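# Architecture at a glance
Here's the letter readout for the chains.
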Amino acid sequence: MDIGPAKPNLEVKPRPTRRRMRLLGGALLVLALLGAGGHWLHWQLTHVVLDDARVASDMVTLASRVPGWVERVPVTAGDRVPRGALLVQVDARDATLAMEELEARLAGLEARRAELEARRTMVGMQNVSQRAAAAARLDAARAALPAAEAEHAFAEAEHARAERLIASGTGTRQRVEQLRALADQSRQRVIGAGAEIRNAEALLTAVEAAAEELRVIERQLDALLPQSREVAASRDRAALDQRDRTLRMPFDGVVDRIFVDPGEYVLAGQRIILVHSPEEIRIEANVKETDVRFFRPGKPVRVTVDAWPGQAFPAVVDRVIEAATSEFALLPSPNPSGNFTRITQRLPVRIRLDPPPPPGMLRPGMLVRVEAEARE
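As the structure is a prediction and not an experimental result, all values here were calculated from the model.

Quick notes on the rules
- Residues numbered from 1 in each chain as written.
- Predicted model: local features only at pLDDT ≥ 70, side-chain atom pairs only at ≥ 80, totals over all residues.
- Heavy atoms only, no water.
- Helix = DSSP H or I, 4+ residues; strand = E, 2+ residues; numbered from the N terminus.
- Contact = heavy atoms within 4.5 Å.
- Phe/Tyr/Trp six-rings, centres within 6.5 Å; stacked < 30°, edge-to-face > 60°.
- Lys NZ or Arg CZ within 6 Å of the ring centre and 35° of its normal.
- Core = buried A, V, L, I, M, F, W, Y, C linked by side-chain atoms within 4.5 Å.
- Buried < 20%, exposed > 50% of the residue type's maximum accessible area, 1.4 Å probe, protein only.
- Pairing = 2+ DSSP bridges.

On to the environment of Leu 50, then. With respect to the element layout, Leu 50 can be found in strand 1 (residues 47–57). Between the C-alpha atom of Leu 50 and that of Val 368, which follows or precedes it by 318 residues, the distance is 8.3 Å. Every residue in contact with Leu 50, bar those within four places of it in the chain, is listed here: Ala 285, Asn 286, Val 287, Phe 295, Val 368, Arg 369 and Val 370.

Attention now goes to the packing of aromatic side chains. For the structure on display, the rule yields 1 aromatic pair. Lying over the aromatic face of Phe 259, Arg 271 brings its terminal NZ or CZ to 4.0 Å of the ring centre.

One finds Ile 283, Phe 295, Val 301, Val 303 and Val 370 to be the most contacted residues of the largest nonpolar core, which totals 25 residues. The set of elements that each furnish at least two residues to this core consists of strand 1, strand 10 (281–288), strand 11 (300–305), strand 12 (308–320), strand 13 (346–353) and strand 14 (367–373). With near-sequence residues (within four places) excluded, Phe 295 lies in contact with Val 48, Leu 50, Val 287, Val 301, Val 317, Val 320, Val 370 and Ala 372.

With that settled, consider the sheet that holds strand 9 (residues 271–276). The 4 strands lie next to each other as 2-9-7-4, forming an open sheet whose pairing is antiparallel. The open sheet is flanked by strand 2 (60–63) and strand 4 (80–81), the only strands paired with a single partner. Two elements, strand 2 and strand 9, share 4 bridges in a ladder whose sense is antiparallel. Considered in strand 9, the bridge of Ala 63 is made with Arg 271.

This part is about the environment of Pro 262. In this structure, Pro 262 sits in the loop between strand 7 (253–258) and strand 8 (265–266). Sequence separation of Pro 262 and Gln 89 is 173 residues, and the distance between their C-alpha atoms is 8.9 Å. The contact partners of Pro 262, leaving out residues within four places of it in the chain, are Val 70, Glu 71 and Val 73.

On to the pairing of strand 3 (residues 68–72). The pairing of strand 3 with strand 8 spans 2 bridges and is classified as antiparallel. In the strand pairing of strand 8, Gly 68 is matched with Val 266. Across 2 bridges, the pairing between strand 3 and strand 5 (residues 86–90) is antiparallel. Paired with Val 70 across the bridge in strand 5 is Val 90.

Okay, here's the thing in structure tokens:
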């Protein structure tokens, strides 16, 4: 039987070129994986990574220095508050009244001081004028005494000559009596001049005694000085008490937490509000004591934050605390039994972001990853 011509075989064998390309691709993939693994291993061997780092800041707790009722809390947690803004107002009525009372007492002392100073000026002027008048009166009395004495001597001489004339029979008794009366008058004037001198001296002594009044006034003014200082100190203390009842923001910062509400009674020293400055941000981490040599102050490090993936922050090591974290534990771990397990200790490291990020970008508590080259 004729079955006709045989059909050609149409099956095509795979080309060797495609197979070689597959092998080449696999080899390149293996080489890439080996390269990436080698690079990762080299990076791990040449770098130190701190995974437990965090963003930190100085958390400032504001407390009340004096007790009182909370009147106002105009801020809430999360507010950005400028420096000097009101945070909490505590009732200050008692402090205000005490300060007003002390201000009134201080004003009274100042008025008393002004009165004494005016009196001192007046007494001083009177003393000067009285002293001048008494001195002039004394000088006049002392100048009148020699003239009175000379007049008295002349009158006595005239009277004696008249007595001799009447004894010789040439004078008259009337003339003798007249001259005796003149001598008596001149004697009285001498006595009066002496009395005037003593009177002027007594007046000058009285003026000197009046000068003691000035010293009394000076002592009164000196006594007012410590009283004024005492009242002024009490006034300043009352003003400080009044200011302490007004809590203001100490810097441009953020309110983190508020522990009181309006109407509550706070005690002295009780914490009221927690704030921090977003500009004063740093990184804190704990490095193993075996790696601390790689974190010397001033060494550059690389910082990444979980909140900002793909973004690196340049930074430098600011300082390394000089004691391990175990030294600050509340419960010490002595080893009197002799059973010892060697545990690698950690030392706190503080890292400064250089340049610092914009305020508010990094917040205290955020998780951070710090990478440093393992090179001394």
